[in-house]
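Next come the chains, spelled out residue by residue.
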Amino acid sequence: MNTYVAQIAPQRSTQYAALADALAPRELALSALGAGITNIAPIELGGQSFLKFDYSGALDAAERNELGMLAMTSAYYEYRDQIDDALGPWLRPIDTGYAPVFPPDLIVTRRYKGKTNELFTQFLCNIARHSSAFAAAPWHTLRVFDPLAGGGTTLFAALLLGASVAGVEKDSGDVESTATFIEQYMREQGIACRVKEERLKKIGRRWWFTIGKVSPERDAESPWPKQCVIAIGDTTQSADLMSSVKRPNLIVTDLPYGIQHHGELSGLIGDALPVWSNLLLPGGALAMSWDATRFPRADMIALAQTSSSLTVLDDPPYNQLAHRVDRVIKQRDVLVAHKAINDALK
Ligand SMILES: C[S@@+](CC[C@H](N)C(=O)[O-])C[C@H]1O[C@@H](n2cnc3c(N)ncnc32)[C@H](O)[C@@H]1O
């Protein structure tokens, strides 16, 4: 048994610091290391917040890499109370070996109203992967779909982790500005990026980006190129908007805020969830967050179970993911559900 500490990712505001404090232990428990972790507890070292935990063994390279991908913690150390006669605590830094696939300004540069917190979005991606049958699959083999993509935070979080991505959003301005941003960003970074724009009869428009060089041998193992598809349209038409796009392993989304009526959100979810769950590959998982201040978790679970064949995960820590966002969104919650591996391909 070894003891480690993970530093809670430092945040630029108290509000986000509280978010990281609340979700960091959950993310660790829902990571590849989770099954071997015991005695997880918050501690303060040198005025900084950490999580201390015991792990069943020494961390191998793959486990260190998994730590590096976590969103809510940012630095990792082996921990000793004492070394010989010298009292600690002593920390030895762990090199996780993880580096995001693109420079992180891909996700942080743009600021706009309604943007979902970047680290929270990465957290959703991580727990969706962990909850799927693809938990051990490298990110570059996975495809992530956000059916309510806004300005693309999920797409960028998943691209940084290494996935290929797709999104649907009804606001044409959001999609157009995201498409322009991707092209400009890749050009500035000197990353190869081909774009194809398409009109989809009666339902919308979409852009296909092929990012990074196509390997000359067309090697199936190569993590390049990545695909990014974004479509303007209504999410209930996701099947048509995503026609000929490879089906996603994971669906990650942040539901619209500011919806006044319970009925409006349940109408959207009731109509959209069957479409989303049909798109999801068998063995895939969905992680979605919503403003639960006036839309209780029990109602969301009931809705998910009646409108789709997905199985909702509701044992701890899945039922402990609710957290405060700000004065308006007093409680945001996260629902994670998976699709049976033997669910027939539709
Ligand atoms: C919370 S926002 C997503 C923000 C996004 N995660 C980001 O950081 O940019 C929810 C999005 O759902 C979109 N939306 C709501 N109803 C929709 C529908 N029926 N079809 C497609 N998009 C919809 C809204 O326009 C909004 O952009």
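Bear in mind the structure is a predicted one, so any value in this text is a computation, not a measurement. Numbering of residues starts from 1 in every chain and runs along the sequence as written. At least 70 in pLDDT is required for a residue's local features to be given in this predicted model, at least 80 for side-chain atom pairs to be given and counted, and no such filter applies to totals for whole chains, interfaces and linings, which use all residues.

Chemist: In this structure, what is going on with the pairing of strand 1 (residues 2-8)? I would like to understand it.
Modeler: When a strand is regular, its side chains alternate between the sheet's two faces. When strand 1 meets strand 3 (residues 48-55), the two strands line up antiparallel, connected through 6 bridges. Bridging from a neighbouring strand, Asn2 pairs with Tyr55 of strand 3. At least two DSSP bridges between two strands are required for those strands to pair. Helix numbers and strand numbers start at the N terminus; a helix is a DSSP run of H or I with at least 4 residues, a strand a run of E with at least 2. Relative to strand 4 (residues 73-83), strand 1 runs antiparallel, the two sharing 5 bridges. Paired with Val5 across the bridge in strand 4 is Tyr77.

Chemist: Is there a simple way to explain the sheet that holds strand 13 (residues 311-313) in this structure?
Modeler: Two orientations exist for strands paired in a sheet by backbone hydrogen bonds: parallel and antiparallel. In space, the 9 strands of this open sheet follow the order 8-9-10-7-6-11-12-14-13, with mixed pairing throughout. Whereas interior strands pair on both sides, the edge strands pair on one side only; in this sheet they are strand 8 (193-200) and strand 13. Recorded for the sheet is a direction-independent mean angle of 20 degrees between the axes of neighbouring strands. One ladder, built from 7 bridges, connects strand 12 (residues 285-291) with strand 14 (residues 332-338); its direction is antiparallel. Following the sheet pairing, Met288 is matched in strand 14 by Leu335. Its contacts with the sheet put helix 6 (residues 172-189) on strand 7 (164-169), strand 8, strand 9 (204-211) and strand 10 (226-232), and the angle it makes with strand 10 is roughly 155 degrees. Here the axes come from fitting lines to C-alpha atoms, over the contacting stretch only for helices, and the angles between their N-to-C directions go from 0 to 180 degrees. Each residue gets a C-beta atom placed from its backbone, and two residues are in contact if those atoms lie within 7 Å.

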